[in-house]
Amino acid sequence: MPAPHPQLNRHGELIHLLSTEGLPKAIMTQLLDTAEAFLSIHQREIKKVPLLRGKSVFNLFFENSTRTRTTFEIAAKRLSADVINLDIARSSTAKGESLLDTIANLSAMQADMFVVRHSQSGAPFLIAQHCAPHVHVINAGDGQHAHPTQGLLDMLTIRHYKKEFHNLSVAIVGDVAHSRVARSDIHALSTLGVPDIRVVGPKTLVPDSLRPLGVRVCHDLREGLKDVDVIITLRLQSERMSGALLPSSGEYFRTYGITPERLQWAKDDAIVMHPGPINRGVEIASSVADGERSVILPQVTFGIAVRMAVMGTIAGNMA
Amino acid sequence: MPAPHPQLNRHGELIHLLSTEGLPKAIMTQLLDTAEAFLSIHQREIKKVPLLRGKSVFNLFFENSTRTRTTFEIAAKRLSADVINLDIARSSTAKGESLLDTIANLSAMQADMFVVRHSQSGAPFLIAQHCAPHVHVINAGDGQHAHPTQGLLDMLTIRHYKKEFHNLSVAIVGDVAHSRVARSDIHALSTLGVPDIRVVGPKTLVPDSLRPLGVRVCHDLREGLKDVDVIITLRLQSERMSGALLPSSGEYFRTYGITPERLQWAKDDAIVMHPGPINRGVEIASSVADGERSVILPQVTFGIAVRMAVMGTIAGNMA
Amino acid sequence: MPAPHPQLNRHGELIHLLSTEGLPKAIMTQLLDTAEAFLSIHQREIKKVPLLRGKSVFNLFFENSTRTRTTFEIAAKRLSADVINLDIARSSTAKGESLLDTIANLSAMQADMFVVRHSQSGAPFLIAQHCAPHVHVINAGDGQHAHPTQGLLDMLTIRHYKKEFHNLSVAIVGDVAHSRVARSDIHALSTLGVPDIRVVGPKTLVPDSLRPLGVRVCHDLREGLKDVDVIITLRLQSERMSGALLPSSGEYFRTYGITPERLQWAKDDAIVMHPGPINRGVEIASSVADGERSVILPQVTFGIAVRMAVMGTIAGNMA
């Protein structure tokens, strides 16, 4: 088990980003403020800033995700870092080397930051606990546990469109039980003071056992969406689309898909979010995904800014 | 169907490079002039220029081609761009996302340029029509349709060795029917005023239906090569080397392979070109490929300069 | 057969690094001195130096090795080079193009340096002999022949901990017969004046035929380790772990594995090295690998500095 705040140093400064759980509100707000400042960089003629110049960022994707890796690569390059992409599946781990030996070796190459995606929950924690003190770890998604930069970019998106958190109702719709995105969102929303967080879906995907997270469990979509300000739809993994947990993707859409009609249950100015890639006609109707209340593409843009903010903040706290 | 000149903005400036077809002569000439200037950069101690500093160039190779991708990567890095290579086969498209959703997402990452290779003719057009206005598309080869940077580098090569276009005879030998290189060459040669363009090969690979392109169709190699200034040999794809269209690669070489003896049918100072990679003893005899009239390796060098010119010109026309 | 010193120009300056065999002591010492200077760069806030700015370094790994490729990529980027990683297995060589045609094409892209790993002994020599004069070749491991940067980083490690070479006893333990690392180490140790070089292992892996290299062949581990200053353990390839050459990996460890008890046969301040990745419990006990006399992780750090020194030195000798 990790110590209470393994992502902070003894001065309470961010040195790793492992989870939105336990991340103090002040740090979260500072990250969002910094990301907002980086958003304006996108408008400039030259998009680079030298915050990570001479630093080496290693993308360690034990689980493949071209899209997420790309957003981190862009963010790091805009901060002027050198980026090393490691095709872990083909590297020494395949030769039987242990995770910690791989990490020790990469640390010895004078890496400054590891961006880690791993199918095992907790792997980035393990790495942060065992890597050399000059190395900083960013969790890019671990198992069903956490995806903190997605959580933060969702918060940036919500703040951008809704300004405040303290008066919001937010519905998270879909396979909440197996979603690291949902988990990171819930912890961040709680910390930032959202009073009404609902998780919505069938009992197999949204069990009552989620209640201790401080959420309202709704199995009825109308109840879940009623008067909300924000709808976060989750990607339905294909392995859930048939079998024990769910009869079929068509059946899911009929009951929980976000259509223009159902969108009316929410507030008039509600926004619709999705971490991507979307399954059109499964989680969401095409007309909603492409509609005026969808902020799915702005989420992607905000994701670059948030990742720059996380890397830049951690770099500023390097020993 | 694309609009008449989807690659030009309303001021007639180049904003995408999709095809040599419909590319005005003035722009083509300007690109060749710019490329010539970049050739001298190769001689300098430091090869970089800051034209694309802070810009993000995404290599989107839906069809694999390490060689072509590498030339674009080098060209972009010499212009100081950040280059993101996307292994599309392993990315979200594999998760069932549509091409246009993938493109919308990558655009939202604040990409500035997409270099696109795709097995489907027209895919880069489709992308250029649907991507955000801040994104610029360069076609790096689409199906059997077009390969405009190859066409332009071939023109740069011809101009370098022959100075003028208006008095040339050019023979394109091989599988013209299925070749995007041939198509891009023919359009460029026509626009630049070459009066005598011949396409040479067996009826299965060089059908009479090519005539409307403004070329002379020759099934006899001697007739095709007679007194030409330039011989462009095409790569014979292995799938054509046996079966319905062609009896065998050996048979092809016996009838259409460029040997030292046949080279004599052309002018004394004729140059021999090939887009690479060459099949020795199929399209061309080794002694010709390595001989003094071969300009196959200079083509590669000119290819970097042309790609720098295209990217640099488009960057100059960015909104 | 290569000429006597294909890696030196006629002024005796380093233009390729192909082997530690035949590398003059003065150059080797200069490379170690330069590497030592680069070590201090790792401590600086900004780790980059502009020695290779505008130069293009191509990583040509015909045999996959993520770890070694990464060290070269980091070293080149710290020298401000542009780095192009070529996935050779998927490139034109797969389309039937010959090695020398591939090399000629990449040279024509105005490459400045090729870092080559190849399963065939001698491939980097062949490339150095045939590539354009502006291209410089660094051997990153060829067959069972040579791995000169590993040899040099091992020398840097030894010099760092032992200061002098002239009074050392060094034992190389393991599959010496098939090891390019052992071969490069032995040539470097000899050149630098180490008087006592022992190779230690079973007759199948350490045959008497190694003696002409100037080494003492020991089949008894105790004799091999007695009073040595340095123990270099070699990685046991999995294909050797069973079958004709070796009964099993367990059997190997029982006879030749480095344990805390056997380490006592060496000098009190002996260091233990390994090129990585280690097989715990095969070549070396975990307690030794992680123990205070292990310098396995410092070797990795020194490896970056040595590769920077090699690239920087060659760049300084470019025409």
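Please read all numbers here as calculations on a predicted model, not as lab measurements. Position labels on residues start from 1 in each chain and follow its written sequence. Chains and ligands are labelled by the order in which they are written, letters from A for the one and numbers from 1 for the other. In keeping with the model being predicted, local features are shown solely for residues with a pLDDT of at least 70 and side-chain atom pairs are shown and tallied solely at 80 or more, while totals for entire chains, interfaces and linings include all residues. Excluding hydrogens and water, the side-chain values take into account all heavy atoms of the structure.

1. Section: the side chain of Ser107(B)
Relative to the helices and strands, Ser107(B) is located in helix α3 (residues 99-108). Working definition: with a 1.4 Å probe on protein chains only, accessible area under 20% of the residue-type maximum means buried, over 50% means exposed, and in between means partly exposed. On the accessibility criterion, Ser107(B) (4% relative accessible area) is buried. Each helix is a run of DSSP H or I of at least 4 residues and each strand a run of E of at least 2, with the numbering of both proceeding from the N terminus.

2. Section: the relation of the copies chain C and chain A
Applying a rotation about an axis and a shift along it to one chain copy brings it onto the other copy. The fit set for superposing copies consists of C-alpha atoms from residues with pLDDT of at least 70 in both; the fit itself is least squares. Of the transformation placing chain C onto chain A, the axial shift is 0.0 Å and the rotation is 120°, giving an RMSD of 0.0 Å. In the structure described here, the two chain copies are related by an operation that fits a three-fold rotation axis. Take the interface residues of chain C: only 4% of them recur as interface residues in chain A, which is what a contact between different surfaces looks like. Any pair of residues with heavy atoms lying within 4.5 Å of one another is described as a contacting pair.

3. Quick look at the sheet that holds strand β4 (residues 136-142) of chain B
Residues and elements named next belong to chain B. If you trace the 4 strands from one edge of the open sheet to the other, you get β2-β1-β3-β4, paired in parallel fashion. Strands at the two margins of the open sheet, each flanked by one partner only, are β2 (82-86) and β4. Between one strand and the next, the sheet's axes are offset by a mean angle of 15°, whatever the strand orientation. At least two DSSP bridges between two strands are needed for those strands to be called paired. Bridging between strand β1 (residues 56-61) and β2 involves 5 bridges; their strand directions are parallel. Following the sheet pairing, Leu60 is matched in β2 by Leu86. Axes here refer to lines fitted to C-alpha atoms; in helices the fit is confined to the stretch in contact. Angles between the N-to-C directions go from 0 to 180 degrees.

4. So, the interface of chain C and chain A
Every contact between the two is made by 24 residues of chain C and, on the other side, 23 residues of chain A. Buried area: the accessible surface (1.4 Å probe) lost by two parts on joining, summed over both. Where chain C abuts chain A, roughly 2,300 Å² becomes buried across the two surfaces, and 47% of that area is made up of carbon and sulfur atoms. We define a salt bridge as a side-chain nitrogen of Lys or Arg found within 4 Å of a carboxyl oxygen belonging to Asp or Glu. Run the count over chain C and chain A and you get 2 salt bridges. Between Arg280(C) and Asp101(A) there is a salt bridge, with the nearest N and O atoms lying 2.6 Å from each other. If you list the elements that add at least two residues to the side of chain C that touches chain A, you get α2 (66-78) and α11 (296-316) of chain C.

5. With respect to helix α5 (residues 148-162) of chain A
Residue and element names in this part refer to chain A. The span you would expect from a helix comes to 1.5 Å times its residue count less one. The terminal C-alpha atoms of α5, which comprises 15 residues, lie 20 Å apart, in line with the 21 Å expected from a rise of 1.5 Å per residue. Burial runs high along α5: 13 of the 15 residues are buried. Looking one or two residues past α5, Lys163 carries a phi angle of roughly 70°, positive in sign.

6. Details of the interface of chain B and chain C
Interfaces are frequently sized by the accessible area removed from exposure as the parts join. The partner chain C presents 23 residues to the 24 residues of chain B that form the contact. Both faces considered, chain B and chain C share a buried interface measuring about 2,300 Å² in area, 47% of it formed by carbon and sulfur atoms. Applying the counting rule to chain B against chain C returns 2 salt bridges. Think of a polar contact as two N or O atoms within 3.5 Å of one another; within protein, one of them needs to be a possible hydrogen donor and the other a possible acceptor, and neighboring residues in sequence only count if both atoms come from side chains. Taken together, the links from chain B to chain C amount to 7 residue pairs in polar contact (both at pLDDT 80 or more). Of all the secondary structure elements, the ones that give two or more residues to the side of chain B that touches chain C are α2 (66-78) and α11 (296-316) of chain B. For the side of chain B that touches chain C, the leading source of residues is α2(B), giving 9 residues.

7. Thoughts on the pattern of salt bridges
Summed over the entire model, instances satisfying the criterion amount to 45 salt bridges over all chains. Notably, a salt bridge pairs Asp229(B) with Lys267(B), separated by 2.8 Å at the nearest N-O pair. Of this pair, Asp229(B) sits in the loop between α7 (221-225) and β8 (230-233) while Lys267(B) is found in the loop between α9 (260-263) and β9 (271-273), placing the two residues 38 residues apart along the sequence. Members of the salt-bridge network, linked through shared partners, are Asp33(A), Glu36(A) and Arg159(A).

8. Considering the relation of the copies chain B and chain C
By a simple turn and slide, chain B fits onto chain C: the slide is 0.1 Å along the axis, the RMSD is 0.0 Å, and the turn is 120°. A distinct binding surface is used by each copy, with only 4% of the interface residues of chain B retained as interface residues in chain C.

9. Description of the domain arrangement of chain A
Residue and element names in this part refer to chain A. What marks off one domain from the next here is an automatic or database domain assignment. When its domains are assigned, chain A resolves into domain 1 (25-146 + 302-316) and domain 2 (148-300). Between the C-alpha centres of domain 1 and domain 2 there is a distance of 26 Å. Contact residues are listed per partner, giving 27 residues for domain 1 and 27 residues for domain 2. Here domain 1 and domain 2 share an interface that buries about 2,300 Å² over both sides, 62% of which is from carbon and sulfur atoms.

10. Observations concerning the sheet that holds β8(B)
All names here are of chain B. On the basis of which strands lie adjacent, the open sheet formed by 5 strands has the order β7-β6-β5-β8-β9 and parallel pairing. Each of the sheet's edge strands pairs with one partner strand only, and the pair in question is β7 (216-218) and β9. When strand polarity is set aside, the average angle formed by the axes of neighbouring strands in this sheet is 20°. Bridge count between strand β5 (residues 169-173) and β8: 4 bridges; the pairing is parallel. Directly across from Val173, in β8, lies its bridge partner Thr233.

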